[in-house]
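Now for the letters of each chain:
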Amino acid sequence: MARLSRIRGLPRILLALCLSAAPLAGCGGGGGGPITLNWYNFPDDSGALDSAASVCSKQSGGRYRISYNKLPRTADGQRQQLVRRLAAKDDTVDIIGLDVTWPAEFAEAKWILPWTGSNRTEATRDTLEVPLRTATWKGRLYAVPYNTNTQLLWYRKDLVPTPPETWAEMLLMAGRLAKQGKPHYVEIQGAQYEGLTVWFNTLVESAGGSVLNATATAPSLGPPAVRAASVMKTLATSAAADPSLSNQMEDQNRLAMESGSAAFELNYPFVYPSMKANNPELFKQFRWAPYPAVERGRPAKPTIGGIDLAVGAYSRHSDFAFEAALCLRNRQNQLTAALKGGLPPTLRPLYSDPSLIKNYPFASTVLASLENASIRPKTPAYQNVSIAISHTLSPPNGIDPRPDVQKIGDQIKDALASKGLIP
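Residues numbered from 1 in each chain as written. Predicted model: local features only at pLDDT ≥ 70, side-chain atom pairs only at ≥ 80, totals over all residues. Heavy atoms only, no water.

A.B. asks: I would appreciate a short explanation of the state of the cysteines in the present structure.
C.D. replies: Note: disulfide means a covalent bond formed between the sulfur atoms of two cysteine side chains. Across all of its chains, the model carries one disulfide by this definition. Here cysteine 56 engages in a disulfide with cysteine 327; their sulfurs sit 2.1 Å apart. Between cysteine 56 and cysteine 327 the disulfide shows an S-S torsion of about -95°. By sign, it is left-handed. Within this pair, whereas cysteine 56 is found in helix H2 (residues 48-59), its partner cysteine 327 is found in helix H13 (residues 318-328), the two being separated by 271 residues in sequence. (Disulfide = S-S within 2.5 Å. Helix = DSSP H or I, 4+ residues; strand = E, 2+ residues; numbered from the N terminus.)

Spelled out as structure tokens, the structure:
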């Protein structure tokens, strides 16, 4: 609509017709139909995102059509494509699915628009607090949580009648099982990648600390980080460690548990339907519990994942984009994403929805975890912070807690000061 003021020599009657047709036809968009809103998001194979785009397009009453554009499979590939488009001020990027680690970077670069007024009110209504923290930067909301994710402790009830409450208790149980010649591995993400950062961050937060200070201007770390690194080293050098720990990611953990070689697994809820489909017999013994604590009496604070929806700063249709983003993450679409794609919702009321509970018998455990969760270090320099952590702590059996935590702190200082790339 803003572009109409720049049109010269258009007869008044044609201009009047154009203005009256704008709500339906997207006047000035170069065609007679609804405008197209481009939604860039991770590639979803479940059909949930396609369904949401279709439903919200219909609900717009012909004002716009949402085109779901699939980003590359890897997080690095997704970020690279988005950064290139937004750095070039691409005005066809309307709605963006951001990994929860990206809002601070994109907001600082002024690539996404803040949520204000009624849009902010609607975005925060019934939304879980911790996912909202991932979408906030310097006190302003820059995205709306679309889905979230959290790790639980998964275990075999035939081997472990009562799940452990702490890491020390879990490793003790694993050691006993090993002596009995029974499956005993604790499966967790130990490869040199983002998953190793998440493991460390969860342990630091669970020990009462944080990787960065409250203003994200300096590392915090300290004794809780040393405690976290010590827990990682203890596991990696114990009988509980899978021999492939230093190469394992989430999917390798899942496969090891399904093969019957493990007693415990720290992983996301996608492992539940996978176990049910791939090993129905072992599935009968498959159970879940809260993430184990570092210290008894201090609940664990697992690090959440997920996707936040943002509106591109150069979008020609930002008003419609905000409206469409709210629709894409509404109650029904989040429920569909949970049931079809296994993506935990960010709307609190959904955790008492009978249809979700039927497919997510662990819904109450997920909700409790989300309400006491932590987020990854929130900074525009997150990529370098994550590299500093994962490279220093790899492989886990080589960790030297105090010197390694000091090294991480020094590298984070450089990252926050933009002193070159961390190797």
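Read on, since the account is not over.
A.B. asks: Sorry, what's going on with the sheet that holds strand E2 (residues 64-70) here?
C.D. replies: Within a sheet, each strand pairs with its neighbour through backbone hydrogen bonds, oriented either parallel or antiparallel. Spatially, five strands are ordered E2-E1-E3-E11-E6 in an open sheet, and the strand pairing comes out mixed. The sheet is open, and its two edges are formed by E2 and strand E6 (144-149), each paired on a single side. Pairwise comparison of adjacent strand axes, ignoring direction, gives a mean angle of 20° for this sheet. In terms of strand pairing, E6 meets strand E11 (residues 305-311) through five bridges, oriented antiparallel. Directly across from asparagine 149, in E11, lies its bridge partner glycine 305. (Pairing = 2+ DSSP bridges. Axes fitted to C-alpha atoms, helices over the stretch in contact; angles between N-to-C directions.)

A.B. asks: So what exactly am I meant to see when it comes to the sheet that holds strand E10 (residues 286-289) here?
C.D. replies: Reading across the sheet, the four strands line up as E8-E9-E7-E10 and stay open at both edges, with mixed pairing between neighbours. Each edge of the sheet is formed by a strand with only one pairing partner; in this case those strands are strand E8 (185-187) and E10. Taken over all neighbouring pairs, the strand axes of this sheet differ in orientation by 20° on average, direction set aside. One ladder, built from three bridges, connects E8 with strand E9 (residues 262-267); its direction is parallel. When the bridges of E9 are listed, valine 186 appears paired with phenylalanine 264.

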